[in-house]
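# Commentary on secondary and tertiary structure
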Amino acid sequence: MSLPKNIKYAVFDLDGTLFDSMWLWKQIDYDYLSKRGIQVPSDYMKCINHLSVMDTALYSIERFNLKDSPEDLIAEWLDMAKEAYCNKILLKPYVTEYLEKLKKDGVSMSVATSLSLELAIPALERNGILKYFDSVVNSEQVKRGKGFPDIYLKAISHTNFKPQDCVVFEDILKGVTGAKAGEFFVVGVYDEESAQDHNAIKNIADMFINSLKDLLI
């Protein structure tokens, strides 16, 4: 399995695509809602996983009638996540090997994430892969979240490439949908936390992989 020969640039999501980290956000959701006497709804992760941090805070405050300010809620999440991203979060299998392959093939790369850069940059650096990326952009830098192509267009805005020359790697349905709307070649990436959407992802994405190992064969 391989990418089309015209691909010159790759844009990667982080959580669930490069990082094995979606489990952490489930735990954070459970902890901060439980502290307020609220049970985590079954659809909560699906509702927020494409949103920016600020939009997630605003959504959570409205949905659960929280008294927290968005800024206080974000600060609480960052405190809960910081130690894990700085010290614990690991790469998914074959990430480094595949990034090295793309580099050798002359394909440049960026990151497009909903994650705060305060968490993303240290985790990328600690795992030894920050060096592969021209830029790291997040949802706070664009007007619309990952259900739209904005963040992926932002990730290639410093290049002369058209979306049709670029590939986006995403594990969530909203990300796949948004990238496809921007006319990118889209690779859906398996992650257990988005298993309920895998059939929909496969129907929209140009390619679906269980692991980056599939593209090393």
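As a reminder, the structure under discussion sits directly above these lines.
This section reports on the structure supplied with the text. Everything numeric in this text was worked out from a predicted model, so none of it was measured.

### Comments concerning the overall build of the protein chain
- Assigned secondary structure in the protein chain consists of 9 helices and 8 strands.
- On C-alpha atoms alone, the protein chain measures out to a radius of gyration of 17 Å, which is about the 17 Å that the 2.2 N^0.38 rule sets for 217 residues.
- Projecting the C-alpha coordinates of the protein chain onto the three principal axes gives extents of approximately 50 × 35 × 30 Å.
- Each of the 217 residues in the protein chain was classed as buried or not, and the buried ones make up 53%.
- Nonlocal contacts in the protein chain, meaning residues at least 24 apart in sequence, comprise 65% of its contacts between residues at least 6 apart.
- Surface summary for the protein chain: the accessible area is close to 10400 Å², and the carbon and sulfur share equals 51%.
- Across the protein chain, the 25 positively charged side chains and the 32 negatively charged ones have centroids separated by 5 Å.

### Some words on the pairing of strand 5 (residues 135–138)
- Side chains of strand 5 alternate between two faces, with Ser135 and Val137 and Val136 and Asn138 buried alike.
- Note: strand 4 (residues 108–113) against strand 5, 4 bridges, orientation parallel. Note on strand 5: the bridge partner recorded for Val111 is Val136.
- Once the chain exits strand 4 it traverses helix 6 (residues 117–126) before rejoining the sheet at strand 5, and the crossover so formed is right-handed.

### Notes on the layout of surface pockets
- Put simply, the largest pocket is a space of about 210 Å³.
- Contributing to the lining of the largest pocket are Met22, Lys26, Asp29, Val40, Pro41, Ser42, Met45, Lys46, Asn49, Glu193, Ser194 and Gln196.
- Secondary-structure elements contributing two or more residues to the lining of the largest pocket are helix 1 (22–34) and helix 2 (44–48).
- A per-element tally of the lining of the largest pocket places helix 1 first, with 3 residues.
- Of the residues that constitute the lining of the largest pocket, the class distribution is 4 nonpolar, 4 polar and 4 charged.

### Regarding the nonpolar core
- Membership of the largest hydrophobic core comes to 56 residues, with the highest contact counts inside it found for Phe12, Trp77, Tyr85, Phe133 and Phe169.
- Among the elements that line this core, the one with the most residues is helix 4 (residues 70–87), at 7 residues.
- Leave out the neighbours within four places in its chain, and Phe12 touches Thr17, Leu18, Tyr98, Leu99, Leu102, Met109, Ser110, Val111, Ala112, Phe133 and Phe169.
- Counting residues in hydrophobic clusters, the runner-up holds 19 residues, among them Tyr9, Val11, Val137 and Ile156.

### Overview of the environment of Pro4
- In this structure, Pro4 sits in the segment before strand 1 (9–12).
- For Pro4, a relative accessible area of 28% puts it in the partly exposed group.
- Measuring from C-alpha to C-alpha, the distance between Pro4 and Cys166 comes to 9.8 Å, with 162 residues separating the pair along the chain.

The rules we used
- Residues numbered from 1 in each chain as written.
- Predicted model: local features only at pLDDT ≥ 70, side-chain atom pairs only at ≥ 80, totals over all residues.
- Heavy atoms only, no water.
- Helix = DSSP H or I, 4+ residues; strand = E, 2+ residues; numbered from the N terminus.
- Rg over C-alpha atoms; globule rule 2.2 N^0.38 Å.
- Buried < 20%, exposed > 50% of the residue type's maximum accessible area, 1.4 Å probe, protein only.
- Contact = heavy atoms within 4.5 Å.
- Areas by Shrake-Rupley, 256 points an atom, 1.4 Å probe, with all protein chains shown as cover.
- Lys, Arg positive; Asp, Glu negative; His and termini not counted.
- Charge placed at Lys NZ, Arg CZ, Asp CG, Glu CD.
- Pairing = 2+ DSSP bridges.
- Right-handed = clockwise from strand over helix to strand, strands pointing away.
- 1 Å grid on protein atoms, 1.4 Å probe; cavity = no way out; pocket = protein on both sides within 12 Å on 5 of 7 lines; lining within 4 Å.
- Points joined across faces, edges and corners; volume = space filled by probe spheres on them.
- Nonpolar A, V, L, I, M, F, W, Y, C, P; charged D, E, K, R; others polar.
- Core = buried A, V, L, I, M, F, W, Y, C linked by side-chain atoms within 4.5 Å.

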